[in-house]
Amino acid sequence: MALTVMLLNGASFHGGCCRHKVLLSLLGPLLSNSKLYSSYRRPGAEPEKKLFWQNADFSFKKGIDHLKTQLSLLKKETQDYLLGPGGHPLSQHFLEQTRVLWQFRSHEDLNKWVISSDVEIGGKSKVYLKLGRNNQAALLYGTLNTEVPRDGETKYSGYCSMRSRPAVGSFNRKKYYDWSNFNSLYLRVRGDGRPWMVNIYTDPYFSHQKDDLYSYFMFTRGGPYWEEIKIPFSKFFLSSQGRVQDNQHPVWLDKTLGFTIGDKVDGPFQLEIDFIGLLKDRAHREEFAYERYDKNTPV
């Protein structure tokens, strides 16, 4: 156990964050309920008499099982990579016209998404996610409340959102979607007449880009009928912290997807989503819908 702690500390000091994350993904199941990374002690509390590494619950079997699982995932990823893009032959990849990304038929499909609201900043909106009737769709519902928290800092409130979890490969590596063969987002939804924002989130390299977001509007008509919505990727515009940016450029099609409601109207809302897919519309020739120009125009 002491050797494990020395390995983790050495990886953190010499190898940087990447090697540290790899070691954590390998040794995480071995160190359940561990306090290796917290040295904080509440004022007035007595110090622990045991050494910090003695509180770790070491399980060799869990570690071996976790390693087998990650190696099997790595094997499948390698086979898919050698076969072709997305695990499909090149002929099928080039001829592919549509692709279903998410289809909601079980609780496992719902677990691929995360919901949030302005409760995170002290608001009072509520949002829930469950399977719809006959387990044939995802039902996103709740109540929007635009009351601003009385903290002296927050100026606006009233939003709820649903966001897909980032794709993760073997050994907890980040994976990115490859949507370059398509030019439109295709959805089958049933709403209550309220407008939504469809968001494509970024994974920035620099910290000042962490709030960058590509968005476009989705208007639901309400009523008992389903509607199929097609949104070209060329229509998505760049914003940061709720402000549309002057410098616009096409979206990178490898990120997570989400839906946000924040129309400043208090009351209940609901949105049913049957599936979310991609479409290659050969009739759509537009590359980018917005003007692009140099920020510093040469004299």
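For the structure itself, look to the data block above.
Residues numbered from 1 in each chain as written. Predicted model: local features only at pLDDT ≥ 70, side-chain atom pairs only at ≥ 80, totals over all residues. Heavy atoms only, no water.

## Description of a nonpolar patch on the surface
Piece 1. Together, Leu67, Leu71 and Leu74 give the surface a local cluster of nonpolar side chains, amounting to about 220 Å² of exposed area.
Piece 2. Structurally, Leu67 is set in helix H2 (residues 60-83).
Piece 3. The exposure class assigned to Leu67 is partly exposed, which follows from its relative accessible area of 33%. (Patch = residues over 30% accessible without salt bridge, like charges linked within 9 Å, V, L, I, M, F, W, Y side chains within 5 Å. Areas by Shrake-Rupley, 256 points an atom, 1.4 Å probe, with all protein chains shown as cover. Salt bridge = Lys/Arg side-chain N within 4 Å of Asp/Glu carboxyl O. Helix = DSSP H or I, 4+ residues; strand = E, 2+ residues; numbered from the N terminus. Buried < 20%, exposed > 50% of the residue type's maximum accessible area, 1.4 Å probe, protein only.)

## A look at the pattern of salt bridges
Piece 1. Across all of its chains, the model carries eleven salt bridges by this definition.
Piece 2. As a salt-bridge pair, Glu96 and Arg99 come within 3.0 Å of each other at their nearest N and O atoms.
Piece 3. The class for Arg99 is partly exposed, based on a relative accessible area of 22%.
Piece 4. Among the ionic pairs, Asp263 bridges to Arg194, the shortest N-O distance being 2.7 Å. One end of the pair, Asp263, is in the loop between strand S14 (257-261) and strand S15 (267-279); the other, Arg194, is in the loop between strand S8 (184-191) and strand S9 (195-201), and 69 residues separate them in sequence.
Piece 5. Under the relative-accessibility criterion, Arg194 is labelled buried at 9%.
Piece 6. Three or more residues joined by partner-sharing salt bridges are found here, namely Arg105, Arg188 and Asp274.

## Some details on the pairing of S8
Piece 1. Relative to strand S11 (residues 227-232), S8 is paired through six bridges, and the arrangement is antiparallel. Residue pairing for S11: Arg188 is matched across the bridge by Glu228.
Piece 2. Sheet analysis places S8 next to S15, joined by eight bridges and oriented antiparallel. Of the residues in S15, the one forming a bridge with Tyr186 is Gly277. (Pairing = 2+ DSSP bridges.)

In short, geometric facts, not functional conclusions.
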